[in-house]
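A structural walkthrough
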Amino acid sequence: MSEPLPPGGPWSATTRFEPVARTGGVPLADLAERFGTPAYVLDEADVRQRCRAYRSALPGARVVYAAKAFLCRAMAAWIREEGLGLDVCSGGELAIARSVGFPADRIVFHGNAKSPGELRQAVECGVGRVVVDNLAEITRIAGLVPPGGRQKVLLRVIPDVEAGAHPAVRTGGEGQKFGLSVATGDAAAAVARVLRQPELELAGLHCHLGSQIRTPEPYEEAAHVMVEQLARVRDTYGVVLPELDLGGGQGIAYLEGEYFLTPADFAVRVVKAVEERAAALGLPVPRLIVEPGRSVSGPAGLTLYRVVAVKRALTRTFVAVDGRMSDNPRPSLYGARYTARLVGRRSGMPDRPVTLVGHHCEAGDVLADDVPLPADVRPGDVLAVPATGAYHHSMASTYNLTGRPPVVAVHDGTARLIVRREEIDDLLRRDVGL
Ligand SMILES: Cc1ncc(COP(=O)(O)O)c(C=O)c1O
């Protein structure tokens, strides 16, 4: 039986609005006062609950959290404690994992352009799997393996299944930069090359379709394609590969009432698809690996902003906050939509739609459009934007030389800073030009 997920909608498991808005038992207005705004707030219980939901929905699988969604030392420690693996795709992510003693054999190392240094660090620290993305890196990885050692690798194959909320996050089709093409013969060539390298062990095949996928069908389709590829390896070389990694991408709710793909729904459909196809092809069922990122950390996060100005324009009302597209680039990158709530005071006024904008010198610096907020929203008010735990802090920039917001973890009535605010001094320190 799968463990139940937090209730639907974009707010984290412990977020409540009565009698006051709070997350992890801590009033959001107090957090804004204590840590300043903008600030990312992360609900530790929600993260842990989602990790458990994945593990109980997929008891036979290896669940590997995709660090690119959000990573810091505290997060890496929670993931380690919950028994998940970690998918990293840079030397930086690997360094954070190692700094909290994350077991190397539970780490999967990704990247379409891994640098020689990154590959060396990955092999030297003994990561569990390196995911091969191109033909050239096969001999590079083999050359780094110490005498007598063997590095497990997965081959990232293009399943040619298109899925994901925006073209920029669809990575399962031909014509994008990731993976080895079946159509061009690169996937088959990579299998042959890895099998010839005594320093490498081909553990299985990998694919990743894209991100913010909210229905199980694309995964079923990919499962069929990938099991067929496993069968092809068996038929050509007599080698049965034990693992099949289907990547991440499960969608979450950003708006009230939005449908999302639960670990249970995902698991039931995908496991069945893999089992059926394997049975049809006379193949043992491979061990599944899944790499959820957004669906583990996304709904656990919210961002607190303070209203700076309210401007009634001809066509709409702008509410300008002290945040910006550099703490949430998703609306401008992907046209992503968000909602917000007034927290910290009650208003008796009816809601009216406003456009939430940031403080950058760009007309496109819109954080959310058509957000219902009380008609008397005013400077000084604190707003909370939900579902900002994934691809916000990790994608934040310092555009206009504004430091990145802190991350505050809340749990059982207490709050603690886990990533501090980036100050002007931090930015000046990098500038060594004179
Ligand atoms: C290889 C791989 N695995 C997993 C993920 C995580 O995707 P998501 O955060 O949508 O679950 C990504 C995201 O880009 C990815 O590239």
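Bear in mind that the values here come from a model prediction, so they are computed numbers and not experimental data.

The rules we used
Residues numbered from 1 in each chain as written. Predicted model: local features only at pLDDT ≥ 70, side-chain atom pairs only at ≥ 80, totals over all residues. Heavy atoms only, no water. Axes fitted to C-alpha atoms, helices over the stretch in contact; angles between N-to-C directions. Helix = DSSP H or I, 4+ residues; strand = E, 2+ residues; numbered from the N terminus. Parallel < 35°, antiparallel > 145°, perpendicular 65-115°, else oblique. Left-handed = near helix turned anticlockwise from the far one by under 90°. Contact = heavy atoms within 4.5 Å. UniProt positions renumbered as here; feature names shortened; annotations may be inferred. Polar contact = N/O pair within 3.5 Å; in protein donor to acceptor, adjacent residues only side chain to side chain. Buried < 20%, exposed > 50% of the residue type's maximum accessible area, 1.4 Å probe, protein only. Near = heavy atom within 4 Å. Areas by Shrake-Rupley, 256 points an atom, 1.4 Å probe, with all protein chains shown as cover. Nonpolar A, V, L, I, M, F, W, Y, C, P; charged D, E, K, R; others polar. Core = buried A, V, L, I, M, F, W, Y, C linked by side-chain atoms within 4.5 Å. Domains from an automatic or database assignment. Phe/Tyr/Trp six-rings, centres within 6.5 Å; stacked < 30°, edge-to-face > 60°. Lys NZ or Arg CZ within 6 Å of the ring centre and 35° of its normal. Pairing = 2+ DSSP bridges. Salt bridge = Lys/Arg side-chain N within 4 Å of Asp/Glu carboxyl O.

Focus: the packing of helix 8 (residues 217–237) against helix 9 (residues 263–280)
Running from N to C, helix 8 and helix 9 point in directions that differ by 25°, and their axes come no closer than 9 Å. Accordingly, the angle class assigned to the pair helix 8 and helix 9 is roughly parallel. Crossing handedness for the pair helix 8 and helix 9: right-handed. Between helix 8 and helix 9, the contacting residues are Glu 217, Tyr 219, Glu 220, Ala 223, His 224, Val 227 and Glu 228 on the first element and Phe 266, Arg 269, Val 270, Ala 273, Val 274, Arg 277 and Ala 278 on the second.

Some details on the UniProt feature "binding site: pyridoxal 5'-phosphate" (unreviewed entry) in the protein
The UniProt entry lists Gly 249, Glu 291, Pro 292, Gly 293, Arg 294 and Tyr 391 under the feature "binding site: pyridoxal 5'-phosphate" (unreviewed entry), expressed in the numbering used here. Assignment of secondary structure puts Glu 291 in the loop between strand 12 (287–290) and helix 10 (294–297). Once you skip the residues sitting within four places of it in the chain, Glu 291 turns out to touch Val 64, Ala 66, Asp 87, Val 108, His 110, His 206, Asp 245, Gly 247 and Gly 248. At 3.1 Å, the side chain of Glu 291 forms a polar contact with the side chain of His 206. Within the fold, Pro 292 resides in the loop between strand 12 and helix 10. Since its relative accessible area comes to 0%, Pro 292 is described here as buried.

Examining the UniProt feature "binding site: substrate" (unreviewed entry) in the protein
UniProt annotation of "binding site: substrate" (unreviewed entry) refers to Arg 294, Arg 330, Tyr 334, Glu 362 and Tyr 391 when read in the numbering used here. For the residues just named, distributed over 98 residues, the greatest C-alpha separation reaches 27.2 Å, placing them at more than one site. Along the polypeptide, Arg 294 turns up in helix 10. Not counting residues up to four positions away in its chain, the partners in contact with Arg 294 are Ala 69, Ser 211, Gln 212, Gln 250, Ile 252, Tyr 254, Pro 299, Arg 330, Ala 390 and Tyr 391. Within the structure, the side chain of Arg 294 is placed 2.8 Å from the side chain of Ser 211, a separation counted as a polar contact. Mapped onto the fold, Tyr 334 is located in helix 11 (residues 330–334).

With respect to the site of the ligand
Every one of the 15 residues lining the ligand counts as a neighbour, but Ser 211, Gly 249, Glu 291, Arg 294 and Tyr 391 are closest to it. A distance of 3.3 Å separates a nitrogen atom of the ligand from a polar atom in the side chain of Asp 87. Within the side chain of Ser 211, an N or O atom sits 2.2 Å from an oxygen atom of the ligand. Protein chains bury 91% of the 400 Å² of accessible surface belonging to the ligand in isolation. Split into classes, the residues belonging to the shell around the ligand amount to 3 nonpolar, 7 polar and 5 charged.

Notes on the nonpolar core
The biggest cluster of nonpolar side chains holds 88 residues, and the ones touching the most others in it are Met 75 and Leu 86. It is helix 8 that provides the largest number of residues to this core, a total of 8 residues. Residues lining this core come from more than one domain, with at least three contributed by each of domain 1 (58–295) and domain 2 (301–430). Residues contacting Met 75, with those up to four places away along its chain left out, are Leu 42, Val 47, Tyr 65, Phe 70, Val 296 and Ser 297. In this structure, Val 319, Val 321, Ala 336 and Val 385 belong to the second largest nonpolar core, which totals 20 residues.

Structural notes on the packing of aromatic side chains
Under the definition given, this model contains 3 aromatic pairs. Relative to Phe 17, the ring of Trp 11 lies with its centre 5.0 Å away and its plane at 80°, an arrangement referred to as edge-to-face. Judged by centre distance (4.8 Å) and plane angle (85°), the ring pair of Tyr 219 and Phe 266 falls under edge-to-face. Placement of the pair is Tyr 219 in helix 8 and Phe 266 in helix 9, with a sequence separation of 47 residues. A relative accessible area of 1% places Tyr 219 in the buried class. For Phe 266, a relative accessible area of 0% corresponds to the buried category. Its end group placed over the ring of Phe 102, Arg 106 keeps NZ or CZ at 5.4 Å from the ring centre. Over the ring of Phe 17 we find Arg 341, and its NZ or CZ is 3.6 Å from the ring centre.

Remarks on helix 3 (residues 73–81)
Residues Ala 74, Met 75, Ala 76, Ala 77, Trp 78 and Ile 79 constitute the buried set of helix 3. A positive phi of about 85° marks Gly 83, the residue just after helix 3.

Focus: the pairing of strand 20 (residues 414–419)
In this structure, strand 19 (residues 407–411) lies alongside strand 20, joined through 5 bridges in antiparallel fashion. Each bridged residue has a counterpart across the sheet, and for Val 408 the counterpart in strand 20 is Leu 417. Remark: 2 residues form the turn of the hairpin made by strand 19 and strand 20, two consecutive strands paired antiparallel; Asp 412 in that turn has positive phi of roughly 50°.

Considerations on the pattern of salt bridges
Counted by the stated rule, this structure contains 27 salt bridges. One salt bridge connects Arg 150 with Glu 201, and the closest N-O pair in it is separated by 3.9 Å. Separated by 51 residues along the polypeptide, Arg 150 in the loop between helix 6 (136–144) and strand 8 (151–158) and Glu 201 in strand 10 (residues 200–206) bring together distant segments of the chain. A residue is classified by how much of its surface remains accessible, and Arg 150, at 53% relative accessible area, is exposed. We classify Glu 201 as partly exposed; its relative accessible area is 28%. For Arg 345, the salt bridge is made with Asp 381, and the minimal N-O distance between the two is 2.7 Å. With Arg 345 in the loop between strand 15 (341–343) and strand 16 (351–357) and Asp 381 in the loop between strand 17 (366–374) and strand 18 (382–386), the pair connects residues that are 36 residues apart, well separated along the chain. For Asp 381, a relative accessible area of 7% gives the class buried. Within the structure, one salt-bridge network assembled from shared partners comprises Glu 44, Arg 48, Arg 52, Arg 80, Glu 81, Glu 82 and Arg 416.

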